[in-house]
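Breakdown of the fold
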Amino acid sequence: MLAATSTRAEGAGQAVVVSLDDAISPATAAYFDRALDDAIDAGARLLILELDTPGGLDSAMRDIIKRILASPIPVVTYVSPSGSRAASAGTYILYASHVAAMAPATNLGAATPIPVGGSPGGTPTKPGADQPESGPKDESSGDAESASQPSEVAPAGTASRRKAVNDAVAYIRGLAERRGRNADWAERAVREGVSLSADAALADNVIDLVAASIPELLAAIDGRTVELATGAVTLATEGLTLQRVEPDWRVELLSIITNPTVAYILMMIGIYGLLLEGYSPGAIVPGVVGSIALLLALFAFQALPINYAGLALMALGLALMVAEAFAPSFGALGLGGVAAFVFGSIMLMDTDVPGYGVNLGVIGGIAMVGCAGMVLSAWMFARSRRAPISTASEALAGECGVADTPLAAGEAGWSVVAGETWKIRPTAPLEAGERFRVVDREGLELQVEPVRTTASH
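Treat the numbers as computed from the prediction; the structure is a model and nothing was measured.

Basis of the calculations
Residues numbered from 1 in each chain as written. Predicted model: local features only at pLDDT ≥ 70, side-chain atom pairs only at ≥ 80, totals over all residues. Heavy atoms only, no water. Helix = DSSP H or I, 4+ residues; strand = E, 2+ residues; numbered from the N terminus. Buried < 20%, exposed > 50% of the residue type's maximum accessible area, 1.4 Å probe, protein only. Contact = heavy atoms within 4.5 Å. Phe/Tyr/Trp six-rings, centres within 6.5 Å; stacked < 30°, edge-to-face > 60°. Lys NZ or Arg CZ within 6 Å of the ring centre and 35° of its normal. Polar contact = N/O pair within 3.5 Å; in protein donor to acceptor, adjacent residues only side chain to side chain. Pairing = 2+ DSSP bridges. Axes fitted to C-alpha atoms, helices over the stretch in contact; angles between N-to-C directions. Core = buried A, V, L, I, M, F, W, Y, C linked by side-chain atoms within 4.5 Å. Salt bridge = Lys/Arg side-chain N within 4 Å of Asp/Glu carboxyl O. Patch = residues over 30% accessible without salt bridge, like charges linked within 9 Å, V, L, I, M, F, W, Y side chains within 5 Å. Areas by Shrake-Rupley, 256 points an atom, 1.4 Å probe, with all protein chains shown as cover. Parallel < 35°, antiparallel > 145°, perpendicular 65-115°, else oblique. Left-handed = near helix turned anticlockwise from the far one by under 90°.

1. Here's the deal with the overall build of the chain
- Along the backbone of the chain there are 16 helices and 17 strands.
- Counting only residues that meet the buried cut, the chain has 45% of its 457 residues in that class.
- Restricting to contacts in the chain with at least 6 residues of sequence separation, those with at least 24 account for 67%.

Okay, structure coming up:
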């Protein structure tokens, strides 16, 4: 629930503060959704969203924007502290907010969508284009430049790429027109990936104000009129109590599970756990742990920008490494499996979406474990080739036993040989308690001879 962090005036109402300082994800959307519900239930005057994000997933971003547009209380998005950014998906959220504010030395923009992940991620195509002089002249010059340099234009590519960019342009222009902000620059942010500093954004009517702190922000917006879903409201922010909503354990757990590196590790634990259960049926623990980990990984993957070609390569690599253990090919299957696994792991996540890459150190570590397993399998196979025979007919030849009952030559009887009861047929008469030696095997019957016959030679 709500926890007080600072107070400006008793009994003057409250403003709820929420901090989003990472990639926009399903966990982020759940956190914002809960915080807004708490703010509404507590009768807060407004919600302040402190934002610092490199971008994130389109679906999570749209969930947040839908809540903002339908919110019965004003949502003030504040890019803070200094040095923060509202890149990619953060730009859309800033445009959707009732009040858009930034701290000094912050920036926004670079809103070009990434088609594989289906989210507005990525980085600016022009690293130095974060302070354009906006206006009709800038817009036309930007179009002329994009026409002369197609490599810098986001939609230059497939039809699906153009559709994604055009959809994003229409979306952000709609948000800009609803809030009375610069729609032309918003389109450039999508098509060309341009960015703006806080002061330039204020000059170009992209944001409403620049404030160094939340108290300064509250003083600046006092008396401002904003349009809610329920109608126009005049903000009364004088002497508000600031309340901060922290993520609960469910949001924290969701955030951990949907971390790409954690999801990748869970998938590997699941796969190896099930493999160990398959090698040692009845062990139970590897199977239980593996099943739980694999289900958690699959849950995370449905919320992440997965590259299915990478997932298929990983599955092929694991299959080849397992095949090396059962059908040794002197390294051909195993090395091919490790290579396919590594390439698939690198391709697994859409790394163009900010904050959604898998740690290469983790990939390398798991690949080394796979290589070690392959080398161990090859060594065990080579050792088994050199080991003396321990089963079948050859293993019983020369084994000795003791006759339980007298047996005539060619007469069948039963006796214990090598710890097991076998049907025996002597080549010469045997007395009860006399030792014999196995000379041959026919099916489940052993041909034996008295030890004394060979000792007399």
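2. What to know about the packing of aromatic side chains
- If you walk through the whole model with that rule in mind, you get one aromatic pair.
- One residue, Arg62, lies across the ring of Tyr171, its end atom 4.0 Å from the ring centre.

3. What about helix H6 (residues 183-191)?
- Counted residue by residue, H6 has seven buried out of nine residues, so it is predominantly covered.
- For H6, the complete set of buried residues consists of Ala183, Trp185, Ala186, Glu187, Arg188, Ala189 and Val190.
- Of the residues flanking the start of H6, the one acting as N-cap is Asn182, its side-chain oxygen 3.1 Å from the backbone nitrogen of Asp184.
- Note on H6: the residue one or two positions beyond its end, Gly193, has a positive phi of about 70 degrees.

4. Quick look at the sheet that holds strand E17 (residues 445-450)
- With mixed pairing, the five strands of this open sheet are ordered in space as E13-E16-E17-E15-E14. Only two strands of the sheet have a single neighbouring strand rather than two, namely strand E13 (400-402) and strand E14 (413-417). Between one strand axis and the next, the sheet turns by 50 degrees as a mean value, whatever way the strands run.
- When strand E16 (residues 435-442) meets E17, the two strands line up antiparallel, connected through six bridges. Among the inter-strand pairings, Phe436 is bridged to a residue of E17, identified as Pro450.

5. Description of the nonpolar core
- Val18, Leu47, Tyr92 and Leu108 are the most contacted members of the largest nonpolar core, which has 55 residues in total.
- The greatest single-element share of this core, amounting to seven residues, is contributed by helix H5 (residues 159-179).

6. A closer look at the environment of Glu399
- By secondary structure assignment, the location of Glu399 is in the loop between helix H15 (392-396) and E13.
- With 49 residues separating them in the primary sequence, Glu399 and Val448 have C-alpha atoms 9.4 Å apart.
- Leave out the neighbours within four places in its chain, and Glu399 touches Val417, Ala418, Phe436, Arg437 and Val438.

7. Observations regarding the pattern of salt bridges
- The tally for this structure, following the rule as stated, stands at 15 salt bridges.
- Of the charged contacts in the structure, one is a salt bridge between Arg173 and Glu187, with a shortest N-O distance of 2.8 Å. Of the two residues, Arg173 sits in helix H5 while Glu187 sits in helix H6, which places them 14 residues apart along the sequence.
- Residue class for Arg173 comes out partly exposed when judged on its relative accessible area of 22%.
- Between Glu192 and Arg188 there is a salt bridge, and its shortest N-O distance comes to 3.5 Å.

8. Quick notes on the sheet that holds strand E8 (residues 195-197)
- The strand order across the open sheet built from three strands is E5-E7-E8, with neighbouring strands paired in mixed fashion. Edge strands, defined here as strands with exactly one partner in the open sheet, are strand E5 (85-87) and E8. Going from strand to strand, the sheet's axes swing by 15 degrees on average, the running direction of each strand aside.
- As defined by bridge partners, E5 adjoins strand E7 (residues 107-109) across three bridges and the pair is classed as parallel. Bridge assignment links Arg85 to a residue of E7, and that residue is Asn107.
- Across the sheet, helix H3 (residues 89-96) touches E5 and E7, and the angle it forms with E5 is around 100 degrees.

9. Details of a nonpolar patch on the surface
- On the surface, a nonpolar cluster with roughly 310 Å² of combined accessible area is contributed by Ile265, Ile269, Val285 and Val289.
- Counting only elements with at least two residues in the nonpolar patch, the list comes to helix H10 (260-279) and helix H11 (285-301).
- Mapped onto the elements of the fold, Ile265 is located in helix H10.
- The class of Ile265 is partly exposed, set by a relative accessible area of 33%.

10. A word on the packing of helix H2 (residues 58-70) against H5
- Two elements in contact, H2 and H5, have axes whose closest approach is 13 Å; the angle formed by their N-to-C orientations is 20 degrees. Classified by the angle between their axes, H2 and H5 sit roughly parallel to one another. Seen along the crossing, H2 lies across H5 with a hand that is left-handed. Judged by residue contacts, Met61, Arg62, Ile65, Ile68 and Leu69 of H2 engage Asp167, Tyr171, Leu175, Arg178 and Arg179 from H5.

11. So, the pairing of E16
- Here three bridges tie E13 to E16, and the two strands are oriented antiparallel to one another. The residue bridging Gly401 from the neighbouring strand is Phe436, located in E16.
- Connecting E16 to the antiparallel partner E17 that follows it, the hairpin turn spans two residues, and Gly443 within it adopts a positive phi of roughly 65 degrees.

12. Examining unusual backbone geometry
- Ser80 connects to Pro81 through a cis peptide bond whose omega is 0 degrees.
- Within the element layout of this structure, Pro81 appears in the loop between strand E4 (75-79) and E5.
- We note that Ala110 has phi near 55 degrees; this positive angle belongs to a residue other than glycine.
- Mapping Ala110 onto the fold places it in the loop between E7 and helix H4 (136-148).
- You can call Ala110 buried: its relative accessible area is 3%.
- Not every positive phi belongs to a glycine, and Asn205 is a case in point at roughly 60 degrees.
- Counting through the fold element by element, Asn205 comes out in the loop between helix H7 (198-203) and strand E9 (209-210).
- Residue classification places Asn205 among the partly exposed positions, given a relative accessible area of 37%.

Any functional reading would require information that these geometric values do not contain.
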